[in-house]
Amino acid sequence: MSAENREVRVSKIKDGTVIDHISGGYALDVAKILGITGHEHQVVTIAMNVPSKRFRTKDIVKIEGRALSRQELNRIALLAPKASINIIRNYKVVEKQEVKLPTVIEDIVKCINPTCITNSNEPVLAKFRVDSEEPLMLRCLYCGYILEKADLLRQF
Ligand code: CTP
Ligand code: ZN
């Protein structure tokens, strides 16, 4: 049997979004930030720690009948900076996008330091510098607090 035939595959989807090349172990976090609880009437396939040519192992999240907003893509970039987004229509990949983690994160994350100016009544929006992608470390540009992945997951 050829290597191709031996590969275990999850089924293709008809219409929707495939988030591929998520670092192994992060699929459930990606599902969480997309608000997927399993109680939606939506077909979702999650594959975890499957062998990958590009990386050692990868996770995949396939969502039937749903497109993702810019904000959702930005959130995915925080947890899975190497993910590729495939838009599927009638079983074909019609669009492929790489998510990109910017060096400065604005808007989508709140600082966890209660005394940070961004949590006061001042009209100052939170801003972070990406100190490290994996493990994720975001440094608040106002108070210097470091946020980690768990701090973000509590917010989404
Ligand atoms: N996919 C799917 N349903 C479809 C078409 C594609 O679930 N109808 C999935 C594939 O299983 C794969 C991803 O979408 O996980 C991207 O598909 P494709 O571009 O065909 O795969 P690759 O060439 O391996 O992608 P890449 O070059 O990004 O690795
Ligand atoms: Zn702060």
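For every chain, the first residue of the written sequence is number 1, and numbering continues from 1 along that sequence. Note on labels: chains are lettered from A, ligands numbered from 1, in written order. Reporting of local features is limited, given that this is a predicted model, to residues whose pLDDT is at least 70; pairs of side-chain atoms are given and counted only at 80 or more, and all residues count toward the totals for whole chains, interfaces and linings. For side-chain calculations, the full set of non-hydrogen atoms in the structure is used, while hydrogens and water are omitted.

Sodium, potassium and calcium take a 3.2 Å donor cutoff, other metals 2.8 Å, and in both cases only N, O and S atoms count; water is not among them, so sites may look incomplete. Coordination sphere of the zinc ion (ligand 2), protein contribution only: Cys111 (SG), Cys116 (SG), Cys140 (SG) and Cys143 (SG), at 2.3 to 2.4 Å. The rule is simple: four donors are tetrahedral if all their angles sit between 85 and 135 degrees, four are square planar and six octahedral if opposite donors span more than 155 degrees and the others lie between 65 and 115, and anything that fits none of that is irregular. The coordination sphere of the zinc ion (ligand 2) comprises 4 donor atoms, whose angles at the metal cover 102 to 113°; the geometry is tetrahedral. Along the chain, the residues donating to the zinc ion (ligand 2) fall in the pattern C-x4-C-x23-C-x2-C. With Cys116 in the loop between β6 (104-106) and β7 (127-132) and Cys140 in strand β8 (residues 137-140), the pair connects residues that are 24 residues apart, well separated along the chain. To sort residues, take the accessible area from a 1.4 Å probe on protein chains only and compare it with the maximum for the residue type: under 20% means buried, over 50% means exposed, and anything in between is partly exposed. Residue classification places Cys140 among the buried residues on the basis of a relative accessible area of 2%. A run of H or I in DSSP counts as a helix once it spans at least four residues, and a run of E counts as a strand once it spans at least two, with each numbered from the N terminus.

For the rest of this paragraph, the subject is the sheet that holds β6. Within the open sheet, the 4 strands sit side by side as β6-β7-β8-β9. Their pairing is antiparallel. Edge positions in the sheet fall to β6 and β9 (146-148), since each has one partner strand and no second. Across the sheet, the mean angle separating the axes of adjacent strands is 35° when strand polarity is ignored. Strand direction decides the pairing type here: β7 and β8, joined by 4 bridges, are antiparallel. Strand pairing is defined by DSSP finding a minimum of two bridges between the two strands. For helices, the fitted axis covers only the stretch in contact; all axes are lines through C-alpha atoms, and the angles between them, taken along N-to-C directions, range from 0 to 180 degrees.

Let us now look at the packing of aromatic side chains. Here the aromatic set is Phe, Tyr and Trp, taking the six-membered ring for Trp, and pairing holds for ring centres within 6.5 Å; pairs whose planes are under 30 degrees apart are stacked, those over 60 apart are edge-to-face, and all others are tilted. Scanning all chains against the criterion turns up 0 aromatic pairs. Here, a charge over a ring is recorded when the distance from Lys NZ or Arg CZ to the ring centre is within 6 Å and its angle to the ring normal is within 35 degrees. Sitting over the face of the ring of Tyr26, Lys149 holds its NZ or CZ atom 4.3 Å from the ring centroid.

The parts lose accessible area when they come together, and the size of an interface is often stated as this lost area. Residue ranges for the domains originate in an automatic or database domain assignment. For the protein, the assigned domains read domain 1 (3-98) and domain 2 (104-155). Each partner contributes residues to the interface: domain 1 has 12 residues there, and domain 2 has 10 residues. Two parts placed together each lose some accessible area; with a 1.4 Å probe, that loss summed over both constitutes the buried area. Between domain 1 and domain 2 lies a buried interface of about 980 Å² when both sides are counted; carbon and sulfur atoms form 63% of it. Here, a salt bridge means any side-chain nitrogen of Lys or Arg that lies within 4 Å of a carboxyl oxygen of Asp or Glu. At the surface where domain 1 touches domain 2, the tally comes to 2 salt bridges. Among the salt bridges present, the one from Asp29 reaches Lys149, with a minimum N-O distance of 2.7 Å. Polar contacts here mean pairs of N or O atoms no more than 3.5 Å apart (in protein, one a potential hydrogen donor and the other a potential acceptor; neighbouring residues in sequence count only if both atoms are side-chain atoms). Applying the counting criterion to the domain 1 and domain 2 interface returns 4 residue pairs in polar contact (both at pLDDT 80 or more). Between two residues, a contact is recorded if the distance between any of their heavy atoms is within 4.5 Å.

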